[in-house]
Amino acid sequence: MTAENNHIETSQRFKPPATRRDFLGLAATWSAIVAFVMATVGALRLPMPSVFPESNSRVKLGRPDRFAVGSATYFSKIRLWLFRDESGFKAISSVCTHLGCVAERQEDGQYLCPCHGSRFDQTGAVKGGPAPKGLVWLDLSLSPEGWIVADTLSDVGPETVLMAQV
Amino acid sequence: MSSIGGDHQTHHKPSHERGIGDKGALRDFGSNLLSTPIALRDSIIRHGKPTSDRAKSQTIFSNFFLHILPVRTHLHAIKATTTLGLGIATLVLFIILCVTGVLLMVYYKPSVDQAYASMLDIMHVVPTGRLMRNVHRWSAHAMVACVMLHMARAFYTAAYKRPRAFNWVIGMALFVLTLGLSFTGYLLPWDQLAFWAVTIGANIAQSPQELTDAIGITQYFDIGLWQKEVLLGAHHVGQEALIRFYVLHVMVLPVVTTILIGVHFWRIRKDGGLVRPSHADVDTDEMPALADVSTPLKSYGLMAMMKDKTPAVNREMRHTITTWPNVMYVIGAATMITVFAMLLLGYFFDAPLAEMANPTVPENPAKAPWYFLGLQELVSYSAFMGGVAIPAIVVLGLGLVPYLDREKEDVGLWFSGARGRRVAFISSVFGAVTVIGMLWFTVEFGWLRNWEATAHVPQIVITLFNPGTVLVALFAFWSVATVRVMNSTRMGAIALFTCFLVGFVILTYFATVHRGPNWNFYWSQSDWPVH
Ligand code: HEM
Ligand code: FES
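Residues numbered from 1 in each chain as written. Chains lettered and ligands numbered in written order. Predicted model: local features only at pLDDT ≥ 70, side-chain atom pairs only at ≥ 80, totals over all residues. Heavy atoms only, no water.

With respect to the overall build of chain B
So, point 1. Helix and strand counts for chain B stand at 19 helices and two strands.
So, point 2. For chain B, with 531 residues in total, the buried portion stands at 49%.
So, point 3. Considering only contacts within chain B whose residues lie at least 6 apart along the sequence, 75% involve residues at least 24 apart.
So, point 4. Within the structure as shown, chain B displays about 27000 Å² of accessible surface, and the carbon and sulfur contribution to it stands at 70%. (Helix = DSSP H or I, 4+ residues; strand = E, 2+ residues; numbered from the N terminus. Buried < 20%, exposed > 50% of the residue type's maximum accessible area, 1.4 Å probe, protein only. Contact = heavy atoms within 4.5 Å. Areas by Shrake-Rupley, 256 points an atom, 1.4 Å probe, with all protein chains shown as cover.)

This is the structure:
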């Protein structure tokens, strides 16, 4: 459409209606943008794992009769304390809830984290330092063969006891 | 100007007019062969020796690597006090890191079983391996230091103002990238330091849980866990994390950094070169001291043409000099000093390598590299505030500086003149007193959890109200007050930047020297308990 054969006065203030060419151009541009965004989102989905290497979080600790009543046993690989008293078995994780260092159990049963000095009492409750919450108590169960199994990704609340009929 | 190579074509008859048996072409071949070295040189460098203004301009203009520079440079830009050479030093360090990094890649194996052994190999078996590793490590530290100092230089000379506002933002991105490069590189040796520093770092990424837990939305919106999982590809630092960090360290971050450095430089050109004060264009007596200063008849203006107050065509020519060779000397000197310093450090000091990573026993104390130690001190009050919120506020705040302070006066002057120097001085005293006061208070009296009455306050109170947040609030208050009292946004910006700079320096020093096992306070390392 050239200026000479355009006899109709068009006001500057009104946009001329979109021509088919404008429409196709816009549609093409927007589909390109949408395609690009979707492709980026799709590509960024890849680093988000759907299976984690620790997906098997259940670890066998041993047969119940291995642990005497009143004992406290440390499993350093999974950073877990296993206690046995008259009521049964309990397990607490010694991974500090602040930034993941390993809190050390003191003689009096308290826990002290070397990294920024968080302190926890025997039940894992925060007693000082920057830790935002208490140490995590882990789920214990008995496997069919009668082994004690701890779930290292669980969080069952303080002093949860597994009754083991030995 | 004639071609320096001369014309060695002896025959003027076009080849199709020569008869068969005519020996002309053969003779040409012989003389071409003899003059090939000269012809080769002339084909590479297509202008004369840089003796005339025109040839000097061409030297810069027609060289791919140099053409990012203008053909003429303002005298102010090469004064030592303008940049202190810090930007160039940063660039040189980045190049050293790329070169030594690629060499280390030849032997390094990113696997939890082999990484530590390959570090030992590099240190003890590989020819020059120890030197390359040392230089790589010290250059990484130096690059972080130079980037920070360069940023402080750009800030105090008010180089962030229009039209350089966005280049400051790009600079912020480069700053974050530099820290990211350091952090990802820190894991690769797979020693105790690496493992525990990155464990802490990854848990900092998870620390938004502190906030989401407090308001009870973690089960719907667990951004903390999500960040940690993306970073580590797992829930603990292990093989997945090592590969991720490796990919980021040797590929993603260097490539992005290279591109952004290109953009950074391009914009410096387009913004009319380095910022300079208005008096830099006033004639002075000292000017002609430089042998090269002349008022040429022509500026080779097209080659020099830029926006803004630049050596535009035949204007302000008297304050500019040819880039070749004057600026090249400056760049060369900064490069030599930087490379020499790194070689010296690398030759005499070994980069640390602790025992192999052991996930069951944390280092005590587990200290991050020095530039994160200030944050580590804040993190010891609250993981989320010290590790996520305060750094985010600082980076965001710095990025916004050019948009919040747009006063046009006194750019290119250190501290924008005497008034700013006074504000900077008073602010550094204020910053030092508040930081030292806060540290003394926390060491002496502890914080909420150590006091009977407040021992059981909910976590959210500690998150929002701890020594770190109190400091930030004091700094913010101080700079707003400065804006008001001095009636100037620039003065407020100087106040804020100075407070944070002083805070950073003191916290870094404090965490380096006075924090020991269990993050307890010690006067010196010799007082640490032996275990
Ligand atoms: C990889 C990191 C960086 C490199 C290699 C780099 C390099 C450079 C170089 C070579 C210059 C020329 C002047 C000089 O030497 O000072 C410059 C200027 C500048 N840089 Fe950077 N820089 C980096 C990071 C930053 C950061 C972190 C900031 C601030 C947030 C920043 C802001 C600026 C500004 C505003 C200028 C213009 C200065 C002026 O006009 O006087 N840069 N940079
Ligand atoms: S990781 Fe335990 S106190 Fe910081």
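Having seen it, we continue.
Let's talk about the overall build of chain A
So, point 1. Along its length, chain A carries one helix and 10 strands.
So, point 2. Counting from the amino terminus, helix and strand elements in chain A follow one another as α-β-β-β-β-β-β-β-β-β-β.
So, point 3. Within chain A, the fraction of its 166 residues that count as buried is 36%.
So, point 4. Here chain A displays about 10500 Å² of accessible surface, and carbon together with sulfur accounts for 59% of that area.

Focus on the sheet that holds strand 8 (residues 126-128) of chain A
All names here are of chain A.
So, point 1. The four strands lie next to each other as 5-6-7-8, forming an open sheet whose pairing is antiparallel. Strand pairing shows two members of the sheet lacking a second neighbour, strand 5 (104-105) and strand 8, which therefore form its edges.
So, point 2. Note that strand 7 (residues 119-120) and strand 8 share two bridges and pair antiparallel. When the bridges of strand 8 are listed, Phe120 appears paired with Val126. (Pairing = 2+ DSSP bridges.)

Side note on the interface of chain B and chain A
So, point 1. Between chain B and chain A, the contact holds 35 residues from the first and 29 residues from the second.
So, point 2. Overall, the association of chain B and chain A removes approximately 2500 Å² of surface from exposure, summing both partners, and the carbon and sulfur fraction of that is 60%.
So, point 3. The interface formed by chain B and chain A includes one salt bridge.
So, point 4. Among the salt bridges present, the one from Asp213 of chain B reaches Lys133 of chain A, with a minimum N-O distance of 3.3 Å.
So, point 5. Put simply, chain B and chain A have four residue pairs in polar contact (both at pLDDT 80 or more) between them.
So, point 6. Going through the elements one at a time, helix 8 (192-206), helix 9 (209-214), helix 10 (223-232), helix 11 (239-270) and helix 14 (370-379) of chain B are the ones with two or more residues in the side of chain B that touches chain A. (Buried area = accessible area lost by both parts, 1.4 Å probe. Salt bridge = Lys/Arg side-chain N within 4 Å of Asp/Glu carboxyl O. Polar contact = N/O pair within 3.5 Å; in protein donor to acceptor, adjacent residues only side chain to side chain.)

Focus on the coordination of the iron atom of ligand 1
Where a metal carries four tetrahedral donors, each ideal angle is 109.5 degrees; where it carries six octahedral donors, the ideal angles are 90 or 180 degrees.
Residues and elements named next belong to chain B.
So, point 1. Every protein donor of the iron atom of ligand 1 is accounted for by His150 (NE2) and His264 (NE2), and the metal-donor separations fall at 2.0 to 2.1 Å.
So, point 2. Classification of the site at the iron atom of ligand 1 as octahedral follows from its six donor atoms and the range of 85 to 179° in their angles at the metal. Residue His150 is found in helix 6 (residues 129-156), and its partner His264 is found in helix 11; the two are separated by 114 residues along the sequence.
So, point 3. On the accessibility criterion, His150 (21% relative accessible area) is partly exposed.
So, point 4. Overall, the relative accessible area of 13% leaves His264 in the buried class. (Donors = N, O, S within 2.8 Å, 3.2 Å for Na, K, Ca; no water. Tetrahedral: all angles 85-135°; square planar, octahedral: opposite > 155°, others 65-115°.)

Some words on the state of the cysteines
Covalent bonding between the sulfur atoms of two cysteines defines a disulfide.
Residue and element names in this part refer to chain A.
So, point 1. Enumeration according to the criterion identifies one disulfide over all chains in this entry.
So, point 2. Cys101 shares a disulfide with Cys115; S-S distance 1.9 Å. Taking the sign of the S-S torsion, -85° for the link of Cys101 and Cys115, the bridge is left-handed. You can see Cys101 sitting in the loop between strand 4 (88-93) and strand 5 and its partner Cys115 sitting in the loop between strand 6 (111-112) and strand 7, a full 14 residues away along the chain. (Disulfide = S-S within 2.5 Å.)

Brief notes about the site of ligand 1
Residue and element names in this part refer to chain B.
So, point 1. Taken together, 24 residues lie near ligand 1, and His150, Arg153, Gly171, His264 and Val275 sit nearest.
So, point 2. Contact between ligand 1 and Arg153: an oxygen atom at 3.0 Å from a side-chain N or O atom of the residue.
So, point 3. By residue class, the composition of the shell around ligand 1 is 16 nonpolar, six polar and two charged. (Near = heavy atom within 4 Å. Nonpolar A, V, L, I, M, F, W, Y, C, P; charged D, E, K, R; others polar.)

Some details on the pairing of strand 3 (residues 80-85) of chain A
Residue and element names in this part refer to chain A.
So, point 1. A large share of strand 3 lies buried, amounting to five of its six residues.
So, point 2. Between the end of strand 2 (residues 72-75) and the start of strand 3, which pair antiparallel, lie four residues, with Arg79 showing a positive phi angle near 50°.
So, point 3. Bridge count between strand 3 and strand 4: six bridges; the pairing is antiparallel. What sits directly across from Phe83, in strand 4, is Lys90.
So, point 4. The hairpin formed by strand 3 and strand 4 contains two residues between the paired strands.

Some remarks on the nonpolar core
So, point 1. Core analysis: the biggest nonpolar cluster contains 43 residues, and Tyr111 and Phe120 of chain A together with Tyr108, Leu187, Trp190, Val237 and Leu242 of chain B have the highest contact counts within it.
So, point 2. Mapped by element, the contributors of at least two residues to this core are strand 3 of chain A together with helix 5 (115-124), helix 8 and helix 11 of chain B.
So, point 3. No other element matches helix 8 of chain B, which puts seven residues into this core.
So, point 4. When neighbours within four sequence positions are excluded, Tyr108 of chain B is seen to be in contact with Ala115, Ser118, Met119, Ile122, Leu188, Leu242 and Tyr246 of chain B.
So, point 5. With 29 residues, the next largest nonpolar core counts Val144, Phe175, Phe372 and Met486 of chain B among its residues. (Core = buried A, V, L, I, M, F, W, Y, C linked by side-chain atoms within 4.5 Å.)

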